[in-house]
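# Chains, contacts and geometry: an overview
The lines below spell out each chain.
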Amino acid sequence: MPTVQLNTTARITAFAAYAPEEVLTNDYFASFLDTNDEWIVQRTGMKERRKAAEHQYASDLAFEAVMRMTERYPSCLQGVDAILVATSTPDTFFPSTAAIVQARLQLPDCLALDISNACAGFVSAMQMAIGLIDAGMHQKVIVIGTEVLTKTVDYSDRSTCILFGDGAGAIILESDPQSPATCLAASSVTTGDLSGTLYRTAVSCKLNGLDLTEDGKLHQNGREVYKWALQQIPAQLQHLLNKVDLTASDLDIFVPHSANLRMIESICDRTGIKMEHTLTSVQRYGNTSAASIPLAIEEGIRDGRLVAGKLMLLYGFGGGLSQAGLLIRWTL
Ligand SMILES: CC(C)(COP(=O)(O)OP(=O)(O)OC[C@H]1O[C@@H](n2cnc3c(N)ncnc32)[C@H](O)[C@@H]1OP(=O)(O)O)[C@@H](O)C(=O)NCCC(=O)NCCS
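Notes on the structure follow. Quick caveat, the model's predicted, so the values are computed rather than measured.

Rules behind the numbers
Residues numbered from 1 in each chain as written. Predicted model: local features only at pLDDT ≥ 70, side-chain atom pairs only at ≥ 80, totals over all residues. Heavy atoms only, no water. Near = heavy atom within 4 Å. Polar contact = N/O pair within 3.5 Å; in protein donor to acceptor, adjacent residues only side chain to side chain. Helix = DSSP H or I, 4+ residues; strand = E, 2+ residues; numbered from the N terminus. Nonpolar A, V, L, I, M, F, W, Y, C, P; charged D, E, K, R; others polar. Domains from an automatic or database assignment. Buried < 20%, exposed > 50% of the residue type's maximum accessible area, 1.4 Å probe, protein only.

### Topic: the site of the ligand
Taken together, 22 residues are adjacent to the ligand, and Thr 35, Arg 43, Arg 158, Gln 220 and Asn 260 come closest. Between Gln 220 and the ligand, the recorded distance is 2.6 Å, taken from a side-chain N or O atom to a nitrogen atom. Side-chain polar atom of Arg 223 to an oxygen atom of the ligand: 3.0 Å apart, as the coordinates give it. Elements represented by at least two residues in the shell around the ligand include exactly helix H2 (37-44), helix H6 (158-161), helix H7 (222-243) and strand E15 (311-318). At four residues, the largest contribution of residues to the shell around the ligand is made by H7. Broken down by class, the residue content of the shell around the ligand amounts to nine nonpolar, nine polar and four charged. Viewed by domain, the shell around the ligand spans two of them, domain 1 (10-175) and domain 2 (183-329), each represented by three or more residues.

The following block contains the structure:
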């Protein structure tokens, strides 16, 4: 699998996240489904998730995340020449959600592109931004992960609708050869023959020979995805650390995709990464796919665990089935 030590001028210079106001508790689901708080907490660790308002779409959440970034870093949009939006719930197939965000931000002369890699999307988009910067095509890239998954779940299916929530996060990567490196190593891998275990339909009615319901809803074989995650991720993660001569104990912070707390605990157990070094968003936000890693980073900033200088591993995984890792030194 492609795992590389990076030699990049790309630096992280701004970050923020946003979650919509409406809270969906476990008791809310128990009010109309045969489920309960105990089952959900025990199997997933989730206590609540956020739901976008009816008029709020992925571009709106993305815009709010960028606005919060400008509150923290007032001049951060100056010189931005590319926007990459990772999402599985775009406002429209085209224009890209990135183009809609570009118009609202009024950023001129800007590439605007969506990245479709489900729950690995935010990390994949960061990897793409690094590539664009090092190729000399762009100097300053906003990477956004944004999802309105509550609009895509079937609220009569208790095994999936309880899992997903909405949110967004934004980060800026820009070329800065003078400062110490912040992006240190990267890895990515896809196991496409398992794609039928987790999908959201578009215009196709078949996936790997499997007949699909063409309803735009999210479908998942949770048990199979769980099995894949525990079989594949610990080894791939170790591979990435080995590439840069590190071990799990060298990591200050681990930010895995926040799909399921039990799954994260098992991954930590198998790799030797400490849970107290792990940032998660799943308890308060559910599975927010491309937004789960930035929401977890925001939690770490708020509770003081994430400060400048920390060596951290971002690790996205999910639909594809795909994985994307990025080892960084946090500098904000
Ligand atoms: C979804 C998930 C929590 C389900 O847990 P599980 O232990 O695999 O549960 P199963 O789907 O095998 O179902 C077990 C039982 O619980 C029931 N059940 C499912 N959802 C339920 C709910 N919300 N409340 C109560 N019972 C539920 C099932 O109907 C089944 O009942 P049965 O034994 O009578 O048939 C779990 O598979 C999971 O988290 N998978 C990974 C999903 C994931 O992280 N995906 C994203 C990756 S990016």
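Picking up where we left off.
### Overview of unusual backbone geometry
Following Phe 94, the chain continues to Pro 95 via a peptide bond in cis, the omega torsion being 0°. Positionally, Pro 95 belongs in the loop between strand E5 (82-86) and helix H4 (97-105). Each neighbour pair has its own omega, and for Gly 320 with Leu 321 the value is -10°, a cis peptide bond. Mapping Leu 321 onto the fold places it in the loop between E15 and strand E16 (322-329). Of note, Asp 109 is a non-glycine position whose phi angle comes to about 50°, a positive value. Mapped onto the elements, Asp 109 comes out in the loop between H4 and strand E6 (111-115). The exposure class of Asp 109 is exposed, given its relative accessible area of 75%. The backbone of Ser 289 shows a phi angle near 50°, a positive value even though the residue is not glycine.

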